[in-house]
Amino acid sequence: MEVIIRPDAAIAASMTAELVAQAIRIKPQLVLGLATGRTMETVYNHLVEKHQKVNLDFSLCRSFNLDEYIGLSPESPHSYRYYMNYHLFKKVNIDIRNTHLPDGSAKDIEAECKKYEDTIKECGGVDIQLLGIGRSGHIGFNEPLSALYSRTRAKALTPTTIAQNSPLFPKPEDMPKRAITMGVGTILDAKRIIMLVTGKEKAEILAKAVEGPVTSMVSASALQLHPKCTVIADEAAAELLKEKEYYHWIFKNEPEWESFR
Ligand code: F6R
């Protein structure tokens, strides 16, 4: 794992977007693993800008999102499908048929999860997976105690996650309490992972994920097992990291992310 600390959230997001853009330029038929949430909005704004201003070409890309709420139709303005269409897909030249999210309104959720895993495999696996981290330590919606080998499945959301995301719904009680999510094992299968973490409210959980023990109590700690994982944090989120000086030194002298291509 490489930890890169940037001065603020804007610079951290812009670096994340640039790494994704570089990967698309190197491999135009990239399979992108995408996340939703507030942290990613700026990254998608940058990618849209790169498409508009420097012709970043998404036409051959395929994408798989991490998760979707159970019980929301893709048309619901609170679904992650709607979020992705709004923030990225409708603003770049990706073929919408090549964008995948689990269907939270599927009648047979188990079959939907299996189909999702199969489709990822058929596409040759995820080349580069973008992640945020929840205050519960989740990646995707892998809440505490998610098996480190877990695959795409339905997961009950914790009170911490409900408190984090329910303000985004018209009434907090409208927020679904379950979601389909790629498993920790599914995420770790990605060839490369970039996790973006900003804001002081993420400092405590980031320190546990990066410097604590690998434990299913903090799903993001499983990223320590991945050979090509870059964590990009702003100073506020990095506040409680004990080895900050070391991470800065590596970034300046021996940057690993440049070789993660
Ligand atoms: C969303 C997802 C979540 C978020 C996390 C952080 O698809 O997978 O793990 O990345 O909850 O969300 P924000 O960025 O809103 O703090």
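What you are looking at is a predicted structure, and each value in this text was computed from that prediction instead of being measured.

(A) Spotlight on the sheet that holds strand 8 (residues 178-181). Within the open sheet, the 3 strands sit side by side as 4-8-7. Their pairing is antiparallel. On the outer flanks of this sheet lie strand 4 (67-69) and strand 7 (153-156), each paired with one strand and no other. Recorded for the sheet is a direction-independent mean angle of 30° between the axes of neighbouring strands. Looking at chain direction, strand 4 and strand 8 are connected through 3 bridges and run antiparallel. Each bridged residue has a counterpart across the sheet, and for D67 the counterpart in strand 8 is T181.

(B) Representation of the site of the ligand within the structure. If you check the shell around the ligand, you find 15 residues, and the closest are T36, T39, D67, H138 and K202. At 2.8 Å, a backbone N or O of G140 approaches an oxygen atom of the ligand. Note that an oxygen atom of the ligand is positioned 2.7 Å from one of the side-chain N or O atoms of K202. Protein coverage of the free-state accessible area of the ligand, which is 410 Å², stands at 96%. Split into classes, the residues belonging to the shell around the ligand amount to 4 nonpolar, 8 polar and 3 charged.

(C) Representation of the layout of surface pockets within the structure. The computed volume of the largest pocket comes to approximately 370 Å³. G37, R38, T39, Q164 and K202 are, among the 23 residues lining the largest pocket, the residues nearest its centre. Of all elements in the fold, only helix 2 (38-54) and helix 5 (159-165) reach the threshold of two or more residues within the lining of the largest pocket. Broken down by element, the lining of the largest pocket gets its largest block of residues, 3 residues, from helix 2. Broken down by class, the residue content of the lining of the largest pocket amounts to 8 nonpolar, 10 polar and 5 charged.

(D) Structural view of the sheet that holds strand 10 (residues 229-234). In spatial order, the strands read 1-10-9-6-2-3-5; together these 7 strands make up an open sheet with parallel pairing. Only two strands of the sheet have a single partner each, and these edge strands are strand 1 (2-6) and strand 5 (99-100). Note that strand 9 (residues 192-197) and strand 10 share 5 bridges and pair parallel. Its bridge partner being in strand 10, L196 is matched across the sheet by I232. Against the sheet, helix 2 contacts strand 2 (31-34), strand 6 (128-131) and strand 9, and its axis sits at roughly 130° relative to strand 6.

(E) The packing of helix 1 (residues 9-26) against helix 2, seen in detail. Remark: helix 1 packs on helix 2, axes separated minimally by 8 Å, with the N-to-C direction vectors making an angle of 50°. Of the possible angle classes, the one that applies to helix 1 and helix 2 is oblique. Classified by chirality, the crossing of helix 2 by helix 1 is right-handed. Of the residues in helix 2, those touching helix 1 at A10, A13, S14, T16, A17, E18, V20 and A21 are T42, V43, H46, L47 and K50. Residue composition of the contact of helix 1 with helix 2, grouped by class: 7 nonpolar, 4 polar and 2 charged.

(F) The arrangement of the nonpolar core in detail. Of all hydrophobic cores here, the largest spans 77 residues; its most connected members are Y44, L47, L88, M195, L206 and L241. Considering every element that reaches this core, the biggest residue donor is helix 1, with 9 residues. For Y44, the contacting residues outside a window of four places in its chain are L34, A35, Y83, M84, H87, L88 and L130. Counting 5 residues, the second-largest nonpolar core is a separate cluster that includes I70, I109, C113 and I180.

How each quantity is defined
Here the residue index of a chain counts from 1 through its sequence in written order. Selection of residues for local features in this predicted model requires a pLDDT of at least 70, selection of side-chain atom pairs for listing and counting requires 80 or more, and totals for whole chains, interfaces and linings are taken over all residues. With hydrogens and water stripped out, all remaining heavy atoms of the structure feed into the side-chain values. In this scheme, strands are said to pair when DSSP sees at least two bridges between them. In DSSP terms, a helix is any run of H or I states spanning at least four residues, a strand is any run of E spanning at least two, and both are numbered starting from the N terminus. For every element, the axis is a line fit to its C-alpha atoms; helices are fit only across the contacting stretch, and the angle between N-to-C directions ranges from 0 to 180 degrees. Throughout, the term near means that a residue has one or more heavy atoms lying within 4 Å of the molecule or strand in question. Pairing of N or O atoms within 3.5 Å defines a polar contact, subject to two protein rules: one partner must be a possible hydrogen donor and the other a possible acceptor, and residues neighboring in sequence count only if both atoms are side-chain atoms. Per-residue and other accessible areas were derived by the Shrake-Rupley procedure at a 1.4 Å probe size, with only the shown protein chains allowed to occlude residues. All residues other than Ala, Val, Leu, Ile, Met, Phe, Trp, Tyr, Cys, Pro, Asp, Glu, Lys and Arg, Gly among them, are scored as polar; the first ten of these are nonpolar and the last four charged. A 1.4 Å probe that fits into a set of points on a 1 Å grid over the protein atoms alone but cannot get out defines a cavity; an open set with protein on both sides within 12 Å along at least five of seven lines defines a pocket, and lining residues are those with an atom within 4 Å of a point. Grid points are joined across faces, edges and corners, and a volume is the space filled by probe spheres set on the points. By definition in these notes, contact holds between two residues if any of their heavy atoms fall within 4.5 Å. Geometric relationships in this document are graded by angle, where less than 35 degrees denotes roughly parallel, more than 145 denotes roughly antiparallel, 65 to 115 denotes roughly perpendicular, and other angles denote oblique. A crossing counts as left-handed when the near helix is turned anticlockwise from the far one by less than a right angle, and as right-handed when that turn is clockwise. For the purposes of this section, nonpolar cores are sets of buried Ala, Val, Leu, Ile, Met, Phe, Trp, Tyr and Cys residues that join through side-chain atoms within 4.5 Å. When a residue's accessible area, from a 1.4 Å probe over protein chains only, is under 20% of the maximum for its type it is buried; when over 50% it is exposed; and in between it is partly exposed.

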